[in-house]
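Tertiary structure, described
As a plain string of letters, each chain reads:
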Amino acid sequence: MASVNVGDQRSLVLTEDLTRTQIVQYAGASGDYNPLHTDDKFTTEIAGYPGVFAHGMLTMGMTGRVLTDWFGAEGLLSYGVRFVKQVWPGDALTATATVTAVTDGVAELTVETVNQAGEPVVTGTAKAKVD
Amino acid sequence: MSIDRFPVEAGHIALFARAIGDPNPAYYGALSGDEPVPAPPTFAQASAQFDPDYFLRPKIGEPWFGSGREATGVKRSGGGGGGGGGGGLHAEQHFEYHRPLRAGDVLTGMVKPGNTWEKQGRRGGKLVFSESVVEYRDQNGELVVTARGVGVRTETVVQQEA
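Since the structure is predicted, the reported quantities are computational estimates derived from the model, not experimental observations. (Residues numbered from 1 in each chain as written. Chains lettered and ligands numbered in written order. Predicted model: local features only at pLDDT ≥ 70, side-chain atom pairs only at ≥ 80, totals over all residues.)

Time to look at the overall build of chain A. Helix and strand counts for chain A come out as 3 helices and 5 strands. For chain A, with 131 residues in total, the buried portion stands at 47%. For chain A, restricting intrachain contacts to residue pairs at least 6 apart in sequence, the fraction spanning at least 24 positions comes to 65%. (Helix = DSSP H or I, 4+ residues; strand = E, 2+ residues; numbered from the N terminus. Buried ≥ 20, exposed ≤ 12 C-beta atoms within 10 Å, placed from the backbone. Contact = placed C-beta atoms within 7 Å.)

Chain B puts 40 residues into the contact, and the matching count from chain A is 40 residues. Of all the elements, strand 2 (residues 89–97) of chain B adds the most residues to the side of chain B that touches chain A, at 8 residues. Of the residues assigned to the side of chain B that touches chain A, the class counts are 20 nonpolar, 15 polar and 5 charged. Inspection of the sheet shows strand 2 (residues 76–83) of chain A paired to strand 2 of chain B by 5 bridges, in the antiparallel sense. Paired with R82 of chain A across the bridge in strand 2 of chain B is E92 of chain B. (Nonpolar A, V, L, I, M, F, W, Y, C, P; charged D, E, K, R; others polar. Pairing = 2+ DSSP bridges.)

This next bit is on the confidence of the model for chain B. Residues and elements named next belong to chain B. Of all residues in chain B, 88% attain a pLDDT of 70 or more, and the chain-wide mean is 88. Every residue in residues 77–86 scores below 50 in pLDDT, and together they form 16 contacts with partners more than four places removed in sequence or on other chains. Overall, residues 157–162 carries pLDDT values under 50, and its contacts beyond four positions in sequence, including any with other chains, amount to 2 contacts. As scored by the predictor, the complex reaches a pTM of 0.93 and an ipTM of 0.97. (pLDDT = per-residue confidence, 0-100.)

Strands in a sheet are paired, the pairing made by backbone hydrogen bonds, and the direction either parallel or antiparallel. If you trace the 10 strands from one edge of the open sheet to the other, you get 1(A)-3(A)-4(A)-5(A)-2(A)-2(B)-5(B)-4(B)-3(B)-1(B), paired in antiparallel fashion. A strand with exactly one partner marks an edge of an open sheet, and here the two such strands are strand 1 (9–15) of chain A together with strand 1 (2–7) of chain B. Ignoring which end each strand starts from, the neighbouring axes of this sheet average 20° apart. Relative to strand 5 (residues 120–129) of chain A, strand 2 of chain A runs antiparallel, the two sharing 7 bridges. By the bridge assignment for strand 5 of chain A, F83 of chain A is matched with V122 of chain A. (Axes fitted to C-alpha atoms, helices over the stretch in contact; angles between N-to-C directions.)

Turning next to helix 1 (residues 10–19) of chain B. Residues of helix 1 of chain B that are buried: A10, H12, I13, F16, A17 and A19 of chain B. Contacts made by the buried residues of helix 1 of chain B are with helix 1 (20–30) of chain A together with helix 2 (29–32) of chain B. In the stretch just after helix 1 of chain B, G21 of chain B is the one whose phi turns positive, near 70°.

Have a look at this one:
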């Protein structure tokens with residue numbers, strides 16, 4: 001288990017250039033085949049968006065890595081996010097986790113992923129087991 | 001809606017880990033033979049694969065609202081823009097882990113409707129939020145993961161005649 005202090009922070013580049021193919025991969029693995037994420041024709045002509053965009057859950061899944069790289073794949077007690085901005089193919093994403101409290105072997109963290117413009121796309125919190 | 005049987009499989013975990021771009025070797029036990037194989041933190045969401053009624057998966061022999069020959073395979077009566085059945089957008093997702101989820105677990109998912117609330121949108125119109133909670137239990141009935149999702153849909157204001 002990790003040993004951490006309030007203020008400790010880690011950042012991780014999740015992608016330099018999110019591809020449509022990765023979004024397709026996520027659709028297949030997760031089972032969420034909403035055409036808004038993979039079907040440009042539907043998304044532009046029927047739904048009225050400029051193009052396909054990533055599943056929020058893909059961004060949340062990618063973001064989770066900054067936590068599991070730090071606390072281990074089995075180290076989390078909770079993880080939650082708000083989806084604050086859409087993620088588009090071509091976006092570059094960086095996740096940052098910050099320890100906000102440590103009590104009785106549990107670290108509380110804030111998590112944020114930003115795009116290439118520095119705009120948050122997901123923001124959230126997590127709890128992890130620590131020494 | 002409920003999920004009667006969600007078998008957590010090592011191969012599925014490997015495909016999911018690839019999709020989220022996570023190279024952690026722990027997730028690739030299906031390839032290495034190493035055990036146990038932990039599930040990534042958001043893996044419970046892939047329970048959709050095992051929900052027979054999940055509406056965002058094409059069903060064999062049924063029309064699908066994505067494009068084929070036409071931009072959508074499902075014609076809707078009435079206007080109103082918006083997605084052809086997109087069902088709103090995902091606003092929040094939260095997981096609580098009661099113990100680590102691993103390949104070999106066989107889960108059930110019990111869905112409990114949560115709160116519904118409204119907010120005024122920034123560009124006019126009403127935003128309707130609705131919450132659902134899924135309790136995932138293992139083969140022994142023990143709670144493994146609690147997932148709380150919040151969806152949001154916009155309710156277009158009907159234009160009044162001037």
